[in-house]
Amino acid sequence: MAFDRKAAKEAIQAKSGDDAEFDEAQVRAHDFQLKIAQENNRHEETMRRHDLGFIGRAFGGEKSAPTYIAFLVMVAMMMGAFYCWSRAGEAGQATEFWSAQAERAIAFAASALAYIFGRGNK
């Protein structure tokens, strides 16, 4: 029985050079399977593109978007801190207000930076 099984496996795996129609049908079936897989991949890509939307395409998917947004927040807050320091240098009596705003901006930027580095460990 084991011998018959081995012969059957060899017969299945061996290509027959005599039957051109069968070989052509196998090639067409293989091409058809490739086209189906290609169409499925194209459909998944189109669905993902529609699911992401405009902002998702700019920032990436669910995994990378929070990191990019945290980076933009960190940069904006650092620019805000520099702006507050420049205003504190110009203002006479409002120096205390602008320095407090700069401290808040730096604290927010530091928390965004901590989020970015904490996110990198996952």
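Rules behind the numbers
Residues numbered from 1 in each chain as written. Predicted model: local features only at pLDDT ≥ 70, side-chain atom pairs only at ≥ 80, totals over all residues. Heavy atoms only, no water. Helix = DSSP H or I, 4+ residues; strand = E, 2+ residues; numbered from the N terminus. Buried < 20%, exposed > 50% of the residue type's maximum accessible area, 1.4 Å probe, protein only. Contact = heavy atoms within 4.5 Å. Areas by Shrake-Rupley, 256 points an atom, 1.4 Å probe, with all protein chains shown as cover. Salt bridge = Lys/Arg side-chain N within 4 Å of Asp/Glu carboxyl O. Bend = angle between axes of the 7 residues up to and from the residue. Expected span 1.5 Å × (residues − 1). Phe/Tyr/Trp six-rings, centres within 6.5 Å; stacked < 30°, edge-to-face > 60°. Polar contact = N/O pair within 3.5 Å; in protein donor to acceptor, adjacent residues only side chain to side chain.

With respect to the overall build of the chain
Broken down by element type, the chain carries four helices and zero strands. Every one of the 122 residues in the chain was classed for burial, and the buried ones make up 12%. Sequence-distant contacts in the chain: of pairs separated by 6 or more residues, those separated by 24 or more amount to 50%. For the chain, the exposed surface amounts to about 10,200 Å²; the carbon and sulfur share of it is 61%.

Points about the pattern of salt bridges
Evaluation of the coordinates by the stated rule reveals three salt bridges. Salt-bridge contacts for glutamate 24 lead to arginine 28; the nearest nitrogen and oxygen are separated by 3.1 Å. With glutamate 24 and arginine 28 both in helix α2 (residues 20–59), this residue pair falls four residues apart, about one helical turn. The class of arginine 28 is exposed, set by a relative accessible area of 52%. Notably, a salt bridge pairs glutamate 39 with arginine 42, separated by 2.4 Å at the nearest N-O pair. With glutamate 39 and arginine 42 both in helix α2 and three residues apart, this pair spans about one turn of that helix. Look at glutamate 39 and you get partly exposed, because its relative accessible area is 39%. By relative accessible area, which is 45% here, arginine 42 ends up partly exposed.

Description of α2
At glycine 53, α2 shows its largest kink, close to 105°. Downstream of α2 by one or two residues, glycine 60 has phi in the positive range, about 100°.

Concerning helix α3 (residues 65–90)
Look at α3: 38 Å from first C-alpha to last across 26 residues, which is about the 38 Å you get at 1.5 Å a residue. Taken together, the buried positions of α3 are occupied by Ala65, Ala70, Met74, Ala81, Cys84 and Ala88.

A look at the packing of aromatic side chains
Per the stated rule, a full pass over the model turns up three aromatic pairs. Three or more aromatic residues joined by ring pairs make a cluster, and in this case those are Tyr83, Phe97 and Trp98.

A few points about the environment of serine 99
Note on placement: serine 99 falls in helix α4 (residues 95–120). Put simply, serine 99 and alanine 81 are 18 residues apart on the chain and 8.6 Å apart in space, counted from C-alpha to C-alpha. Engagement of the side chain of serine 99 in a polar contact is seen with the backbone oxygen of glutamate 96, the distance being 2.9 Å.

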